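Results of the structural survey
The chain contents come next:
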Amino acid sequence: MTITPSRIFLDTNIYIIGAADPHSYESRLLEWVGFVEKKIDSVEVVVSEELFAQILRVAKRLQNKDWGGELLGRIWQNLNIYYVLLELNEFSRVEALGVIPREDVGVYLTAKIGKAECFISANHKLISALVKQTGEFECLTPEEFVKQYVG
């Protein structure tokens, strides 16, 4: 029997794709964590201001700023969130290592500082970098996570 992680990190693309495409693995994952309808016993989802800024930026580019606000509202209201604060000096330190692509340092740090057990992203480049270089948490695509833990 596979033990489901109790704390996960969902990359920006999970929220955007999941909200935009109801037939996607990302959407199934969001439904499972309670994004659509609050669930009492849901897994903890690690978030940060950096993640919220990315969601707002991408949502505004794809639809409009109101859509981004709606996504953040659902996260705050429905998810069992674990909020972390990121320190500026950590960004510089991780960037200097050159292991994680620069644009992904904030999401990586959110997952790391939030002690996520699983990092879920549709960004295969980021996942492979995390798995190969850090090994700090299980890294899966939405499809892999749904097939392994959601069913």
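Remember, it's a predicted structure, so these values are computed and weren't measured experimentally.

1. Examining the overall build of the protein
The number of helices and strands found in the protein is eight helices and five strands. Along the chain direction, N to C, the helices and strands of the protein fall in the order β-α-α-β-α-α-β-α-α-β-α-β-α. Against the 2.2 N^0.38 benchmark of 15 Å for 151 residues, the protein shows a C-alpha radius of gyration of 15 Å, consistent with a compact globule. Seen through its C-alpha atoms, the protein measures out along the principal axes to roughly 40 × 40 × 25 Å.

2. A few points about the nonpolar core
In this structure, Ile8, Leu10, Tyr15 and Ile75 are the most contacted members of the largest nonpolar core, which totals 43 residues. Once residues within four sequence positions are removed from consideration, Leu10 is found in contact with Tyr15, Leu29, Leu30, Val33, Val45, Leu51 and Ile120.

3. Things to note about the environment of Ile3
Position of Ile3 relative to the elements: it lies in the segment before strand 1 (7-10). Residue Ile3 is classed as exposed on the basis of its relative accessible area, which comes to 73%.

4. Here's the deal with the sheet that holds strand 1
Taken together, the five strands give an open sheet; going across it, the order is 3-2-1-4-5, and neighbouring strands pair in parallel fashion. Of all the strands in the sheet, the pair left with one neighbour each is strand 3 (80-84) and strand 5 (138-140). Between one strand and the next, the sheet's axes are offset by a mean angle of 30°, whatever the strand orientation. Bridge analysis of strand 4 (residues 118-120) against strand 5 gives three bridges, and the strand direction is parallel. Of the residues in strand 5, the one forming a bridge with Ile120 is Leu140. Against the sheet, helix 1 (residues 12-20) engages strand 1, strand 2 (44-48) and strand 4, with an angle of about 70° to strand 1. Most of the contacts of helix 2 (residues 25-33) go to strand 1, to which it runs at about 140°, and overall it touches strand 1, strand 2 and strand 4.

The rules behind these values
- Residues numbered from 1 in each chain as written.
- Predicted model: local features only at pLDDT ≥ 70, side-chain atom pairs only at ≥ 80, totals over all residues.
- Heavy atoms only, no water.
- Helix = DSSP H or I, 4+ residues; strand = E, 2+ residues; numbered from the N terminus.
- Rg over C-alpha atoms; globule rule 2.2 N^0.38 Å.
- Core = buried A, V, L, I, M, F, W, Y, C linked by side-chain atoms within 4.5 Å.
- Buried < 20%, exposed > 50% of the residue type's maximum accessible area, 1.4 Å probe, protein only.
- Contact = heavy atoms within 4.5 Å.
- Pairing = 2+ DSSP bridges.
- Axes fitted to C-alpha atoms, helices over the stretch in contact; angles between N-to-C directions.

Honestly, that's just the spatial picture; any functional story needs more than this.
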